[in-house]
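# Working through the structure, step by step
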Amino acid sequence: MHALLVIDVQNDFCPGGALAVSGGNEIVAGINALMGQFEAVVLTQDWHPAGHSSFASTHAGTAPYDMIEMPYGPQVLWPDHCVQGTDGAAFHPLLETDHADLVIRKGYNPAIDSYSAFFENDHKTPTGLAGYLRTRGIKEVTLVGLALDFCVNYSAVDAAQAGFKVTVRTDLCRAIDLNGSLDEAKSAMHGAGVTLD
Ligand code: VGL
Ligand code: ZN
């Protein structure tokens, strides 16, 4: 059993959005075309409450892309994005969401960011996705989506550590590339045994 994990293909990560990833919209048609080839399709949705602790606007004297120290470690501060219920948090309008068996939301804890679809950024609090996949008999996952160097990377590494066979289709991902984050992400994924296609 092989699942497709479609990471954060949401308006705010596409051109015109609050945290736009260059070319984010270009991957939608290819992802739609892939969905029918998998036994399961899971979509993730970055889903922050207003005033989330990962937003620069929540911390006086900071600007987007600054780093701060959180109780669980260093955290990049982002522009406000994917606020629950807003159009920015909605899936890209051309993404064929009808194919999805499960939509998993993450980042809803006001105090902890969640790049990974499996664990919050404390690396302790599970989202429940590993249990869902295991109970469905899924052994292998392929990841696509946004952003390659943040949520796709963290999700792929956690999936590998959870024992799944993991492939990332980099042609169906786009990156933010903040201070070398893309190269770091590629080595982290290689180190975790993720296949980059
Ligand atoms: C993401 C930064 C903040 C992502 C989500 O989907 O890669 N990046 N929140
Ligand atoms: Zn976010």
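Structure shown above.
A few points on the structure.

### Looking at the overall build of the protein chain
Per the secondary structure count, the protein chain includes 4 helices and 8 strands. Along the chain direction, N to C, the helices and strands of the protein chain fall in the order β-α-β-β-β-β-α-β-α-β-α-β. Taking 16 Å as the expected radius of gyration for a compact globule of 197 residues, we find that the protein chain reaches 15 Å, a close match to that expectation. For the C-alpha atoms alone, the extent of the protein chain along its principal axes is close to 50 × 30 × 30 Å. Residues counted as buried form 53% of the 197 residues belonging to the protein chain. If you sum the accessible surface of the protein chain, you get close to 8,300 Å²; carbon and sulfur atoms cover 52% of it.

### A closer look at the nonpolar core
Counting residues in each nonpolar core, the largest one holds 58 residues, and the members touching the most others are V6, L133 and V141. Those elements giving two or more residues to this core turn out to be β1 (2–7), α1 (28–35), β2 (40–46), α2 (129–135), β6 (140–146), α3 (148–161), β7 (165–174) and α4 (181–191). The element that contributes the greatest number of residues to this core is α3, accounting for 8 residues. Discounting chain neighbours no more than four positions away, the residues touching L133 are A3, L5, V42, F118, I138, V141 and F164.

### A word on the site of ligand 1
Every residue near ligand 1 is listed here: D8, F13, L19, D46, W78, H81, L146, A147, F150 and C151. One of the side-chain nitrogen or oxygen atoms of D8 is found 2.6 Å away from an oxygen atom of ligand 1. Among the residues making up the shell around ligand 1, the classes are represented as 7 nonpolar, 1 polar and 2 charged.

### Overview of the pattern of salt bridges
On inspection of all chains with the given rule, the structure shows 6 salt bridges. Notably, a salt bridge pairs R174 with E26, separated by 2.9 Å at the nearest N-O pair. Note that R174 is positioned in strand β7 and E26 in the loop between β1 and α1, a separation of 148 residues in sequence. Judged by relative accessible area, R174 falls into the partly exposed class, the value being 22%. Accessibility expressed as a relative area gives 53% for E26, which makes it exposed. E140 is the salt-bridge partner of K165, the closest N and O atoms lying 3.5 Å from each other. Here E140 lies in strand β6 and K165 lies in strand β7, a separation of 25 residues in the sequence. Since its relative accessible area comes to 23%, E140 is described here as partly exposed. Counted as one network, the salt bridges with shared partners bring together D8, D46 and K106.

Thresholds, definitions, all that
- Residues numbered from 1 in each chain as written.
- Chains lettered and ligands numbered in written order.
- Predicted model: local features only at pLDDT ≥ 70, side-chain atom pairs only at ≥ 80, totals over all residues.
- Heavy atoms only, no water.
- Helix = DSSP H or I, 4+ residues; strand = E, 2+ residues; numbered from the N terminus.
- Rg over C-alpha atoms; globule rule 2.2 N^0.38 Å.
- Buried < 20%, exposed > 50% of the residue type's maximum accessible area, 1.4 Å probe, protein only.
- Areas by Shrake-Rupley, 256 points an atom, 1.4 Å probe, with all protein chains shown as cover.
- Core = buried A, V, L, I, M, F, W, Y, C linked by side-chain atoms within 4.5 Å.
- Contact = heavy atoms within 4.5 Å.
- Near = heavy atom within 4 Å.
- Polar contact = N/O pair within 3.5 Å; in protein donor to acceptor, adjacent residues only side chain to side chain.
- Nonpolar A, V, L, I, M, F, W, Y, C, P; charged D, E, K, R; others polar.
- Salt bridge = Lys/Arg side-chain N within 4 Å of Asp/Glu carboxyl O.

No statement about biological role is implied by the geometric values presented.
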